[in-house]
Amino acid sequence: MKILTSRMDAHPSDSHTISRYLATGGYRSLKKALSMEPADIIAEVKASNLRGRGGAGFPCGVKWGFLADVHPRYLVVNGDESEPGTFKDRQLLERDPHQLLEGVIISSHALGVNHAFIYIRGEYPKPARRVQQALADAYASGYVGRNILGSGFDLDITVHLGAGAYICGEETALLNSLEGRRGEPRLKPPFPAVEGLYGKPTIVNNVETLSNMPWIVENGGAAYAAIGPEGSSGTRLFSLSGHVRRPGNHEIVMGMTFGELIEDLGGGIRDGRAIKAFIPGGASAPWFTADHLDVPVTIDDVAKAGSMLGSGAIVVMDETTDVVKAALSVVSFFAHESCGQCTPCREGTTWLENMLRRLTVGQGRAVDLDLLLDVSDNISPGLAWPPRQTTICPLGPSAVSPVLSILTHFRDEVEALVTTGVSS
Amino acid sequence: MITWSKDRAEAAQRILGSYPERRSAVMPLLYVAMAEYGYVSEQAMRDVAELTGLTPVQVSSVASFYTMYKREEVGRYLVSVCTSVSCHLLGGDDVLHAVEAETGVPHGETGPDGTFSVEHVECIGACGGAPAVQVNYELIEGVTPEKAVELCQWLNATEPDPLLGDEMQALFGGQRSFDWGPSESTGSKGPVPAFGPYSTAGTDRLAGP
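Given the structure is predicted, the values throughout are model-derived calculations rather than measurements.

Some details on the overall build of chain B
- The number of helices and strands found in chain B is nine helices and five strands.
- When its helices and strands are written in sequence order, chain B yields α-α-α-α-β-α-α-β-β-β-β-α-α-α.
- For chain B, the C-alpha radius of gyration of 18 Å lies close to 17 Å, the compact-globule estimate for 209 residues.
- Referenced to the eigenvectors of the C-alpha coordinate spread, the extents of chain B come out at roughly 50 × 35 × 30 Å.
- Scored against the burial criterion, the 209 residues of chain B give a buried share of 57%.
- Contacts spanning at least 24 positions in sequence make up 62% of the contacts within chain B whose residues lie at least 6 apart.
- Carbon and sulfur atoms provide 47% of the accessible area of chain B, an area that totals close to 8200 Å².
- The averaged location of the 28 negative side-chain charges in chain B is 9 Å from the averaged location of its 13 positive side-chain charges.

Given below as structure tokens:
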């Protein structure tokens, strides 16, 4: 069953155009939504049990329910997809931009929003061009703008490009960025639904989350909730990368195991090798090993097993992988992307990076293993899962995930680096 | 006193009109200024400050936060090689070294003749087509070190303008994250994301707010 990618699969040559979109039932849900009361649309979204697809997995309808009764209010689309391993929103933006726009217009009507923003990361000029063209066509056809389809509902949509800062995927950093400030996360509360963009109530939703709205309005929330296991309703787009034969995005009903996903959809491991480890939900997530291949791909099962489904990015490492170097790559990412506001993250991620690098170049010391844990504990006290944090946002604890993963699952390999002084 | 080209001055006014508050236009205007001056110069920041009603220092605080605002002159071709985890696993570091060796430009620098700037970057959302490279933010997926060398030689020899992602992918790419669909004729005119409303490239069919 496919919801998000059925059009691009059936019509690869023009799924992004308004003519193809209209020919395949596009903007029909918008007409239906405009004839519905906003509260009834919100009720359908609540009934769908749709959980956010950006990483946190928060129920979308519940988030919408927090919106304060103050106007103006805003809807902001989070298209700052930057979590290493994740490339699903890029496909949705590029290959079916009208599906997203229809979701934005429906949601804006439901939420009483007259100005929505689509924040797309700066490294995605092509997806942004596709969305901007789709938006121009939607304006020209009367789906966006004044008095949409004669309903009396007005909506403007602005596409905004980021400029190379992962942290802007964090919703309050994104709002600061959209306000023309440094992309530094804000202290919460207040949450954006109460005080968001320009201090006004704001809903921030991920691209994939909103791309589901046309289907939910057309088929009803109950029909969406009926797809897949409890707690992980609907289909979901997973990004599969690393040492698999067939990397790519796969839209699936949640519930199959990671082993099935990697084997059946990913074609198994390249060159007939064995799997060593995999990251189940983007670079922030603690790693799994071959022992976890029978964990079902659902939000709750992955959480129970000690990690997170996060952004839906599965990164596979085969038996030849130097896990210390792989962890260094992930930690370097977070050290580079730390916004610098909070000392444990700003200093801690850099120290983790330095120590791992030292190990990979043969200058590691026996004491470094405990020191890695000590610095990690300063960033995320207790080294628990889900992580506690001493910082405004979860970026710092995210850098701890790969460090704990290699020290838990591959400690002998890290120790061997201290003894032999060389990375394999 | 702002001396931008007529197209860019008009784009600036459209951008300012797209937001409820002028300050929000800082980021898009920095891109327009970068297209005008080639990088975010001191003058570029003064211009953006004048347009948005901020002080130059406030604009500078924003420009310095985001890696895509280059505050030093950039080469004609900005080659960005991804070394985040999926690309790392499939040889992104080797691709970077090949690009550095071929161009003679190390990470974070610009060559003396101004043709190339080289940088390694964090995840560019092309993990299914790792290792990935961008030139002026146009993407090429499934790049080998050998193909990366050929790419640099081709840029040097043919000086493509505009630079088309689909063409580079066909010539130097391999495995892609997904089917890209039909090829585009819009491309990059310099080391700024080719997004019509900001760069004024490829805006012919655009209408809207």
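That was the structure; now back to the text.
Points about empty space enclosed by the protein
- Inspection of the entire model under this criterion finds three cavities of 30 Å³ or more.
- The computed volume of the largest cavity comes to approximately 160 Å³.
- Looking at the largest cavity, it is lined by 17 residues, and the ones nearest its centre are Glu 94, Lys 126 and Pro 127 of chain A together with Glu 138 and Leu 139 of chain B.
- Looking at the lining of the largest cavity, the elements that each hand over two or more residues are helix H6 (88-95) and helix H8 (125-140) of chain A together with strand E5 (138-140) and helix H8 (165-172) of chain B.
- The dominant element in the lining of the largest cavity, judged by the number of residues it contributes, is H8 of chain A, at four residues.
- Considered class by class, the residues forming the lining of the largest cavity number seven nonpolar, two polar and eight charged.
- The computed volume of the second largest cavity comes to approximately 80 Å³.
- If you go around the second largest cavity, the residues you meet are Ile 167, Pro 185, Ser 338, Cys 339, Gly 340, Gln 341, Cys 342, Cys 345, Arg 346, Ile 392, Cys 393 and Leu 395 of chain A.
- Grouping the constituent residues of the lining of the second largest cavity by class yields eight nonpolar, three polar and one charged.

Quick word on the environment of Lys 70 of chain B
Residue and element names in this part refer to chain B.
- Summarising the element assignment, Lys 70 is placed in the loop between helix H4 (56-63) and strand E1 (77-82).
- Judged by relative accessible area, which is 14%, Lys 70 ranks as buried.
- It is 24 Å that separates the C-alpha atoms of Lys 70 and Met 168, two residues lying 98 residues apart in sequence.
- Here Lys 70 is in contact with Met 34, Tyr 39, Val 40, Leu 78, Glu 119 and Tyr 137, once residues within four sequence places are set aside.

Side note on the interface of chain A and chain B
- Taken together, the contact pairs 73 residues of chain A with 57 residues of chain B.
- Summing both sides of the interface, chain A and chain B together bury roughly 5100 Å²; the carbon and sulfur share of this comes to 59%.
- Scanning the region where chain A abuts chain B turns up four salt bridges.
- One salt bridge connects Glu 184 of chain B with Arg 130 of chain A, and the closest N-O pair in it is separated by 3.7 Å.
- Put simply, chain A and chain B have 28 residue pairs in polar contact (both at pLDDT 80 or more) between them.
- In terms of residue count, the dominant contributor to the side of chain A that touches chain B is H8 of chain A (10 residues).
- The residue makeup of the side of chain A that touches chain B, split by class, is 29 nonpolar, 26 polar and 18 charged.

With respect to helix H1 (residues 6-16) of chain B
Residue and element names in this part refer to chain B.
- Taken as a whole, H1 has its buried residues at Arg 8, Ala 11, Ala 12, Ile 15 and Leu 16. Along H1, the residues classed as buried sweep out an arc of 135 degrees about the axis, all on the same side.
- Buried residues belonging to H1 abut helix H2 (26-37), helix H3 (42-52) and helix H9 (196-199).

Considerations on the domain arrangement of chain B
- Splitting chain B by domain gives domain 1 (6-63) and domain 2 (77-178).
- For domain 1 of chain B versus domain 2 of chain B, the separation of C-alpha centres amounts to 29 Å.

Side note on the packing of aromatic side chains
- Under the definition given, this model contains 20 aromatic pairs over all chains.
- Ring centres of Phe 58 of chain A and Phe 66 of chain A lie 6.2 Å apart, and the angle between their planes is 40 degrees; this geometry places the pair in the tilted category.
- With a centroid separation of 5.2 Å and 45 degrees between ring planes, the pair formed by Phe 258 of chain A and Phe 278 of chain A is classed as tilted. One end of the pair, Phe 258 of chain A, is in helix H13 (residues 258-265); the other, Phe 278 of chain A, is in strand E7 (residues 275-279), with 20 residues separating them in the sequence.
- The exposure class of Phe 258 of chain A is buried, given its relative accessible area of 0%.
- For Phe 278 of chain A, a relative accessible area of 0% translates into the label buried.
- Joined through ring pairs, the aromatic side chains of Tyr 31, Phe 65, Tyr 66, Tyr 69, Phe 195 and Tyr 198 of chain B make up one cluster.
- Above the plane of the ring of Tyr 124 of chain A lies Arg 121 of chain A, whose end atom (NZ or CZ) is 5.3 Å from the centre.

A few points about the pattern of salt bridges
- Applying the stated rule across the entire model yields 39 salt bridges over all chains.
- Arg 181 of chain A is the partner of Glu 179 of chain A in a salt bridge, and the nearest nitrogen-oxygen pair spans 3.0 Å.
- On the basis of relative accessibility, which here comes to 7%, the residue Glu 179 of chain A falls in the buried class.
- The partner of Lys 189 of chain B in a salt bridge is Asp 161 of chain B, with the nearest N and O atoms 3.5 Å apart. One end of the pair, Lys 189 of chain B, is in the loop between H8 and H9; the other, Asp 161 of chain B, is in the loop between helix H7 (145-158) and H8, with 28 residues separating them in the sequence.
- Given a relative accessible area of 58%, Lys 189 of chain B falls into the exposed group.
- For Asp 161 of chain B, a relative accessible area of 48% puts it in the partly exposed group.
- Through salt bridges that share partners, Arg 53, Lys 88, Asp 89 and Glu 208 of chain A make up one connected network.

Analysis parameters
Residues numbered from 1 in each chain as written. Chains lettered and ligands numbered in written order. Predicted model: local features only at pLDDT ≥ 70, side-chain atom pairs only at ≥ 80, totals over all residues. Heavy atoms only, no water. Helix = DSSP H or I, 4+ residues; strand = E, 2+ residues; numbered from the N terminus. Rg over C-alpha atoms; globule rule 2.2 N^0.38 Å. Buried < 20%, exposed > 50% of the residue type's maximum accessible area, 1.4 Å probe, protein only. Contact = heavy atoms within 4.5 Å. Areas by Shrake-Rupley, 256 points an atom, 1.4 Å probe, with all protein chains shown as cover. Lys, Arg positive; Asp, Glu negative; His and termini not counted. Charge placed at Lys NZ, Arg CZ, Asp CG, Glu CD. 1 Å grid on protein atoms, 1.4 Å probe; cavity = no way out; pocket = protein on both sides within 12 Å on 5 of 7 lines; lining within 4 Å. Points joined across faces, edges and corners; volume = space filled by probe spheres on them. Nonpolar A, V, L, I, M, F, W, Y, C, P; charged D, E, K, R; others polar. Buried area = accessible area lost by both parts, 1.4 Å probe. Salt bridge = Lys/Arg side-chain N within 4 Å of Asp/Glu carboxyl O. Polar contact = N/O pair within 3.5 Å; in protein donor to acceptor, adjacent residues only side chain to side chain. Arc of directions from axis to C-beta. Domains from an automatic or database assignment. Phe/Tyr/Trp six-rings, centres within 6.5 Å; stacked < 30°, edge-to-face > 60°. Lys NZ or Arg CZ within 6 Å of the ring centre and 35° of its normal.

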